[in-house]
Amino acid sequence: MKRFATLSLVVALAACGGGESSSNQANQPASQPAAEPAAQPTEAAAPSGPMTMPDWYQKDDATKTVSLTITAGATDANNHWNFNGGTHGSIAITVPEGYTVKIHFQNDDPAMAHSMGIVAQTSDFGASMDPTPAFPGAITTNPTSMTDATLPGKSEDVTFTADKAGNYAMVCFIPGHAATGMYLLFNVSSDGSAGVQGAA
Ligand SMILES: [Cu+2]
């Protein structure tokens, strides 16, 4: 209630002040408080450097197809909540625009279901993820379900067309997983560049 009373007083003073600028001056401290510190970046810098072609990335220019093997829990990094050992966007996968992308998704986490899909958002993932992929078909089944997503030891194949160049992310849609780092960067290039940056 005290807060309301104070606000009413301010409004009353402003009303009597004869103009917004003068009342604003009267209400403002002589020196501005320091600006809020910028939020700590939660994302690592995007991996850069030369593209490599690890054995889990295969490209066939004749059929315009990229085939990827993506393994959740490939290592114990991030409590197994990783893709091919990468977390927090530490790996960037680039495919050429217009290519068909075939992903063999394997879950090697001994304990937890995971999912995989491509989204237009590349950072600041919330606890719950909208399971709408950036490209039709670019998502595994029951992606938000801890009981019905891709279970430990299981795999799933998805195929989609990377028909629009841009910056995307490959994420797990189980609540909390992307927010705690279970995502890679996924780029669709307009100049034909292809490969992987940041892979171990
Ligand atoms: Cu996950």
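The paragraphs below set out a description of the structure included in this document. Nothing here was measured: the structure is a model prediction, and the numbers come from that model.

Criteria and thresholds
- Residues numbered from 1 in each chain as written.
- Predicted model: local features only at pLDDT ≥ 70, side-chain atom pairs only at ≥ 80, totals over all residues.
- Heavy atoms only, no water.
- Helix = DSSP H or I, 4+ residues; strand = E, 2+ residues; numbered from the N terminus.
- Buried < 20%, exposed > 50% of the residue type's maximum accessible area, 1.4 Å probe, protein only.
- Areas by Shrake-Rupley, 256 points an atom, 1.4 Å probe, with all protein chains shown as cover.
- Phe/Tyr/Trp six-rings, centres within 6.5 Å; stacked < 30°, edge-to-face > 60°.
- Donors = N, O, S within 2.8 Å, 3.2 Å for Na, K, Ca; no water.
- Tetrahedral: all angles 85-135°; square planar, octahedral: opposite > 155°, others 65-115°.

Topic: the overall build of the protein chain
Scanning the protein chain for helices and strands turns up 2 helices and 9 strands. Residue burial in the protein chain is summarised as follows: out of 200 residues, 38% are buried. Carbon and sulfur atoms form 54% of the exposed surface of the protein chain, whose accessible area is close to 10900 Å².

Comments concerning the packing of aromatic side chains
Under the defined criterion, the tally for this structure stands at 5 aromatic pairs. Ring centres of Phe135 and Phe160 lie 5.6 Å apart, and the angle between their planes is 15°; on these two criteria the pair is classed as stacked. With Phe135 in the loop between strand 5 (117–119) and strand 6 (155–161) and Phe160 in strand 6, this residue pair connects regions lying 25 residues apart in the sequence. Taken individually, Phe135 and Phe160 each receive the classification buried, so the pair is uniform in this respect. Centre to centre, the rings of Phe135 and Tyr168 are 4.9 Å apart; their planes meet at 55°, and the pair counts as tilted.

Observations concerning the coordination of the copper ion
Donor atoms from the polypeptide that coordinate the copper ion comprise His114 (ND1), Cys172 (SG), His177 (ND1) and Met182 (SD), at 2.0 to 2.6 Å from the metal. Viewed at the metal, the 4 donor atoms of the copper ion are separated by angles of 87 to 132°, and the geometry they form is tetrahedral. Considered as a linear motif, the donors of the copper ion on their single chain read H-x57-C-x4-H-x4-M. On the accessibility criterion, His177 (2% relative accessible area) is buried.

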